[in-house]
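Letter by letter, the chains look like this.
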Amino acid sequence: MVIPASSGQFESANTRARTLVVMKDIALRALDAALARGVSYADVRVEHARERALGTKNGQTGRLGSSESTGAGLRVIVDGAWGFAATDDLSPTGLSAAAEQAVAIARASALAARAPVLLAPEEKHECVWESPCTTDPFSVSIEEQLALLLAIDSELRRNPGVTLAETNMNFTRTRQVFVSSLGSVIDQTRTTSQAGFEAWAFKGSEIQKRSYPNSFGGQCQLKGYELVHELALADHAPRIAEEAVALHSADQCPEGTLPLIVDSSQLALQIHESIGHPIELDRVLGSEANYAGMSFLTVDKLNTLRYGSDIVNAVADARLEHGPGLGTFMFDDEGSPAQRIDVIRDGQFTGYLASRETAPVIGLARSNGAMRAAGWSRLPLIRMTNVSVLPGPHTLDEVFDVDRGIYMETNRSWSIDDKRFNFQFGCEIAWEIRDGRRARMLRNPTYSGITTEFWNSCERIANRENWTLWGVPNCGKGQPEQVMGTGHGASPARFRNVRIGGGYGK
Amino acid sequence: MSLLCHDECQRIFDQAHRAARAAGVDDIEIYIGANATALTRFANNVIHQNVAERDRMLSVRALIGQRTARATTNRIDDDSIRRAVEQAITLTRVAEPDPALLPMPTAGEAGEIPVAPSRFDASTAAATPEQRALAVKEAIGIVEAASATTAGIFETGEEAEALLNSRGLFRFHTETSARFSITATARDSSGWAKGSAVSAGAIDPAALARSAADKARLSAVPRELPPGRYTVVLEPAAVLDLVGQIFADFSATAILDQRSFLTGRDLAGLFGENVVIHDDAYHPLQAGAPFDGEGVARRKLRLVDRGTVEDIPYSRASARRAGVAATGHGLALPNETGEMPTNIVIAGGSSTLDEMIAAVDRGILVTRLWYIREVDPFEKIMTGMTRDGTFLIEGGRPVHGIRNFRFNQSVVEMLRNVVAMSAAVRASGEEAFDLVAPAMTVANFNFTEVTRF
């Protein structure tokens, strides 16, 4: 069965309704096939995902492609154990075969089971939801999109020190129909946009790079093409090119223990690695021990650990009210509604990301809605939603108000141990701060620390005006690996006594 | 039933080609992929996630003059084939012309594949959830008997791929794979082991479970050592995950773009005399298709010979620019990256791992590395952590477990400091693609921090 390509709100109401009928029919057929085989629980996700990717390199078109993928994933509990099968064959025969396979897999799981899987209760939900999207990125002509990228590419290369210019845009739209044996029928359509560029400068024995608005693909949000306009990409090209070249004349970032100020995009990745991953309850309970690792945040630390200083407040918030993040949705991939969880309140650790299976372990009556799958072919796992540090009261001037410190901008490297204690980040550029002002530029900056020591050294967080909800589109977890998009709101912040320069330490 | 057959691929190509011609376009390339994989995952001594997936992919590339673009779908019915072709043509018509773009290769230009490697094992393709579950159950029992908790995976699967173009090229490849990895976790220590092969029968889950359990037991009550420069013995998975980070730079396009650490560098004696690295798609311990993203036959390359960088991989475009022959390492077009070697074989030495450990008076034995990222792109300084079995070696034997270190180590420098190697094996980690690598003893390895466990 062929599902019509979905273009969300930009389709006619009739087309949307027809698509829903087709997808719902497939989902219910698969659900029925599972229920007929004696499962105690089943859910089915039928998804159609569409993507457009464009890139340029040194004035030439680079990647230029579109893709679409459609399929169904069936999750069942049989004999108290889990089974999951995913198929691209959406014919009645294909769905029946997938149901048979999921059941057989669950029976095999039961061979090495101890106690039956128990799920926290969830209500039946019926919902149709589309993420806000002012301008359909798929309706904007590729000529227009390429012309913008090539203009930026050309602007970067006007600087003779730039040795490589690259630009990119990426758009996705995913429509998912979820049905479960609880009776839920949930139809969600999410549109994301991403854009950014990089200027590279090679000279002597160093390769330097600057990116805008962030490294590794730029900014990515749950928005339409309006994101590209908001980013004002071309306006920033001359500065980024200039900084990439200027880094070759900058001093090496010194080693030492100093106050550190990080920009909001770097703080977003710091949050991702040292708050977002540790609070995933499946990690805490050992599910990821063989791959993504565990967490120092054992369950005895809930409501007892001082995670950060008094001014640190963090939430995991999947609701649209938090913003258009990559972790924004109406329902998670096991049919629980989007929620806001207080993760850190006034420095105190207060909450994990949980699922229907793990919620009871920490005394929750129900899931807090963090189960997400990277497409129809993968099993939902506990994933970050939008894990954000809330803005503080300070102006930027107040954040920078130190006698001597280091300000770092835009991530270049990131690494953290498998229990999330020890981290090290590198950034593209830094400046020494003297008497509250930017002084000399510094190249190759890195900083490192221990998670709770770092967050407890947080002494100023910039205000709402400086707060951005960043997208991390490439978070890996699970076996087989799933790459997921997560959101992280952050504003620039200052930390005391941070170890600087260890990445280049001898 | 096989996932793909030649006749079906030809039929899909003919249909796509007819649709392209109807739109006035003659030159197309199609890539068809199909996979069926299953993975049994366990943690806390039970199977907690157990999955299977099957999917197919049709990717159509159109070429019009000096323009090219691609459209991909996982629907391979008549309408979807036609829509993918139309979409590829629509994208191609608006692409910027690329003066360096070449016509698609004929079968003659793509070269002959000497001896197509046999990488398909029917029993692995047919492995059942029960077979995986029973092997997992045995492994769990072994680790539990050692008073540890276990987590891991047993994965089996098959995939098939075909590449056809309008100039008569037809490539086809199919293979199976199996992976078993296991972590044993004790009160304050852990151990890890992993095996990877074409055939599930070549993997011994029970032996891997014993190895992981032994490491967890032997590294119990870890002590903290100060960071600093140490002699390390890196097991093959640790070598793979660290050295595997540099091969994207072995690319003519990356060098031309001046983003490779090989750019402008004296390549003679860059590494130690004992470092010999090939890219060899035909090696018996390697995996993958013997042709590249345009269907060009992969050639065996001597990337590093006695420390000197020799051969560089070329796509057809970068080869034309340099006036040399393509090596069969190009990526699917269009792309920014050019080419990359993906069948790395690092030549081993004559020592056993035990002999290597015995030769170290004071040093560190590393089972596995984790979260490796590039700190410096030219010196190839990588940071990351040790994990799941890190030991102090004293007087030629591991004496106790130690808390895990963070390293900041230049791979260029490391490959000048290799003092001993074991025989090369098919190594499998989590940070780089599988490759054939030995264990290595490396002098002056740079540990910069220590973590809390």
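Given the structure is predicted, the values throughout are model-derived calculations rather than measurements.

Novice: Now, about the confidence of the model for chain B: what can you tell me, with residues and values included?
Specialist: Of the residues in chain B, 100% reach a pLDDT of 70 or more, and the chain-wide mean stands at 97. Predicted as a complex, the structure gets a pTM of 0.97 and an ipTM equal to 0.97.

Novice: Go over the pairing of strand β7 (residues 228-234) of chain B, please, and point to the residues and values.
Specialist: Residue and element names in this part refer to chain B. Sheet topology places β7 next to strand β19 (residues 440-450); six bridges connect them, and they run antiparallel. Note on β19: the bridge partner recorded for Val232 is Val442. Across four bridges, β7 lies against strand β12 (residues 362-376) in parallel orientation. Across the sheet, residue Val232 finds its bridge partner in β12, namely Ile364.

Novice: I'd like a rundown of the domain arrangement of chain A, residues and numbers included.
Specialist: All names here are of chain A. Taken as a whole, chain A is organised into domain 1 (8-249) and domain 2 (251-504). Computed from C-alpha coordinates alone, the two centres of domain 1 and domain 2 are separated by 22 Å. On the side of domain 2, 40 residues touch domain 1, which itself brings 48 residues to the contact. Counted by class, the side of domain 1 that touches domain 2 contains 21 nonpolar, 17 polar and ten charged residues.

Novice: Pulling in residues and values, what's your account of the domain arrangement of chain B?
Specialist: Residues and elements named next belong to chain B. When cut into domains, chain B gives domain 1 (6-120 + 153-181) and domain 2 (222-453). Domain 1 and domain 2 are separated by 30 Å when their C-alpha centres are compared. In this assembly, 26 residues from domain 1 lie in contact with 18 residues from domain 2. When residues of the side of domain 1 that touches domain 2 are traced back to their parent elements, those giving at least two are β3 (67-73), β4 (149-165) and β5 (170-185). A per-element tally of the side of domain 1 that touches domain 2 places β5 first, with five residues. Considered class by class, the residues forming the side of domain 1 that touches domain 2 number 13 nonpolar, five polar and eight charged.

Novice: Provide a residue-level description of the sheet that holds strand β11 (residues 314-317) of chain A, including the pertinent values.
Specialist: Residue and element names in this part refer to chain A. As summarised here, the arrangement of the four strands in space is β13-β12-β11-β16, forming an open sheet in which the pairing is antiparallel. Strands at the two margins of the open sheet, each flanked by one partner only, are β13 (348-349) and β16 (387-389). Here three bridges tie β11 to β16, and the two strands are oriented antiparallel to one another. Paired with Ala314 across the bridge in β16 is Val389. Against the sheet, helix α6 (residues 264-276) engages β11, β12 (340-345) and β16, with an angle of about 115 degrees to β16.

Novice: Break down the interface of chain B and chain A for me, citing the residues and quoting the values.
Specialist: How big an interface is tends to be reported as the loss of accessible area on association of its parts. Tallying the contact residues gives 76 residues for chain B and 71 residues for chain A. By residue number, the principal contributor to the side of chain B that touches chain A is strand β2 (residues 46-64) of chain B, which donates eleven residues. Two elements, strand β3 (residues 81-87) of chain A and β2(B), share four bridges in a ladder whose sense is parallel. When the sheet's bridge partners are listed, A:Ala86 is paired in β2(B) with B:Glu53.

Novice: Account for helix α3 (residues 142-157) of chain A, naming residues and giving values.
Specialist: Between its first and last C-alpha atoms α3(A) spans 22 Å; for 16 residues at 1.5 Å apiece the expected length is 22 Å, and the two agree. Those residues of α3(A) that sit buried are A:Ile142, A:Gln145, A:Leu146, A:Leu148, A:Leu149, A:Ile152, A:Asp153, A:Glu155 and A:Leu156. Structurally, α3(A) contributes buried residues whose contacts are with β1 (41-57), β2 (60-78), β5 (164-180), β6 (185-203) and α5 (233-246) of chain A together with α2 (78-94) of chain B.

Novice: Before we move on, can you summarise the packing of helix α5 (residues 129-145) of chain B against helix α6 (residues 205-218) of chain B with the specific residues and values?
Specialist: Residues and elements named next belong to chain B. One way to put it is that α5 packs onto α6 with a least axis distance of 9 Å and a crossing angle of 25 degrees. Between α5 and α6, the angle is such that the two are roughly parallel. Considering the relative orientation of α5 and α6, their crossing is right-handed. Counted together, Ala135, Glu138, Ala139, Ile142 and Val143 of α5 and Pro205, Ala206, Ala209, Arg210, Ala212 and Ala213 of α6 form the full contact between these two elements. Among the residues making up the contact of α5 with α6, the classes are represented as nine nonpolar, no polar and two charged.

Novice: I'd like a description of the environment of A:Lys57, backed by residues and values.
Specialist: Position of A:Lys57 relative to the elements: it lies in strand β1. In this structure A:Lys57 comes out as buried when scored by C-beta crowding, with 22 C-beta atoms within 10 Å. A C-alpha to C-alpha distance of 9.5 Å links A:Lys57 and A:Leu149, two positions 92 residues apart in sequence. Not counting the four nearest positions on each side in its chain, A:Lys57 is found in contact with A:Gly62, A:Glu166 and B:Glu336.

Novice: Explain the nonpolar core to me, and be specific about the residues and the numbers.
Specialist: Ranked by internal contacts, the top residues of the largest apolar core, which has 284 residues, are A:Ala30, A:Ala34, A:Ala72, A:Leu74 and A:Ala102. Other than its neighbours up to four places away in sequence, A:Ala102 contacts A:Ala34, A:Leu74, A:Val76, A:Gly83, A:Phe84 and A:Ala85.

Novice: So, the confidence of the model for chain A: which residues are in play, and what are the values?
Specialist: When the pLDDT values of chain A are averaged, the result is 96; 97% of them are 70 or greater. Between residues 1-8 of chain A, whose pLDDT stays under 50, and residues either more than four places distant or in other chains, the model counts 33 contacts.

Novice: Could you give an account of helix α2 (residues 92-109) of chain A, naming the residues involved and the relevant values?
Specialist: Over its 18 residues, α2(A) extends 26 Å from the first C-alpha to the last, a length consistent with the 26 Å expected when each residue adds 1.5 Å. All buried positions along α2(A) are accounted for by A:Leu95, A:Ala98, A:Ala99, A:Gln101, A:Ala102, A:Val103, A:Ile105, A:Ala106, A:Ala108 and A:Ser109.

Novice: Outline unusual backbone geometry, listing residues and values.
Specialist: Residue and element names in this part refer to chain A. Pro213 follows Tyr212 through a cis peptide bond whose omega is -5 degrees. Within the secondary structure, Pro213 sits in the loop between β7 (206-212) and β8 (219-221). Following Gln479, the chain continues into Pro480 via a peptide bond in cis, with omega recorded as 0 degrees. For Pro480, the location among the structural elements is in the loop between β22 (468-477) and β23 (482-490). Unlike most non-glycine residues, Ala232 shows phi in positive territory, near 45 degrees. On the secondary structure map, Ala232 appears in the loop between α4 (226-231) and α5. The phi dihedral of Asn303 falls on the positive side, at around 65 degrees, and the residue is not glycine.

About the cut-offs
- Sequence order as written defines residue numbering, which begins from 1 separately in each chain.
- Numbering of ligands from 1 and lettering of chains from A proceed in the order in which they are written.
- For this predicted model, a pLDDT threshold of at least 70 governs which residues receive local features, and a threshold of 80 or more governs which side-chain atom pairs are given and counted, while totals over whole chains, interfaces and linings are taken from all residues.
- Confidence of the prediction at every residue is given by pLDDT, a number between 0 and 100.
- For two strands to be treated as a pair, DSSP must find at least two bridges joining them.
- A helix here means a DSSP run of H or I that spans at least four residues, while a strand means a run of E at least two residues long, and both kinds are numbered starting from the N terminus.
- What marks off one domain from the next here is an automatic or database domain assignment.
- For the purpose of contact definition, each residue receives a C-beta atom placed from its backbone, and two residues are in contact when these atoms lie within 7 Å.
- Each residue is assigned to one class: nonpolar for Ala, Val, Leu, Ile, Met, Phe, Trp, Tyr, Cys and Pro, charged for Asp, Glu, Lys and Arg, and polar for all the others, Gly among them.
- The convention used is that axes are lines fitted to C-alpha atoms, helices contributing only their stretch in contact, and that angles between N-to-C directions extend from 0 to 180 degrees.
- Each helix should span, by expectation, one fewer than its residue count multiplied by 1.5 Å.
- Put plainly, a residue is buried at 20 or more neighbouring C-beta atoms within 10 Å of its own, exposed at 12 or fewer, and partly exposed in between, counting only other residues' C-beta atoms, which are placed from the backbone.
- Here the word oblique covers every angle except those under 35 degrees (roughly parallel), over 145 (roughly antiparallel) and from 65 to 115 (roughly perpendicular).
- In this scheme the handedness of a crossing depends on how the near helix is turned from the far one: anticlockwise by less than a right angle means left-handed, clockwise means right-handed.
- What we call a nonpolar core is a set of buried Ala, Val, Leu, Ile, Met, Phe, Trp, Tyr and Cys residues whose membership is set by joining through C-beta atoms within 7 Å.

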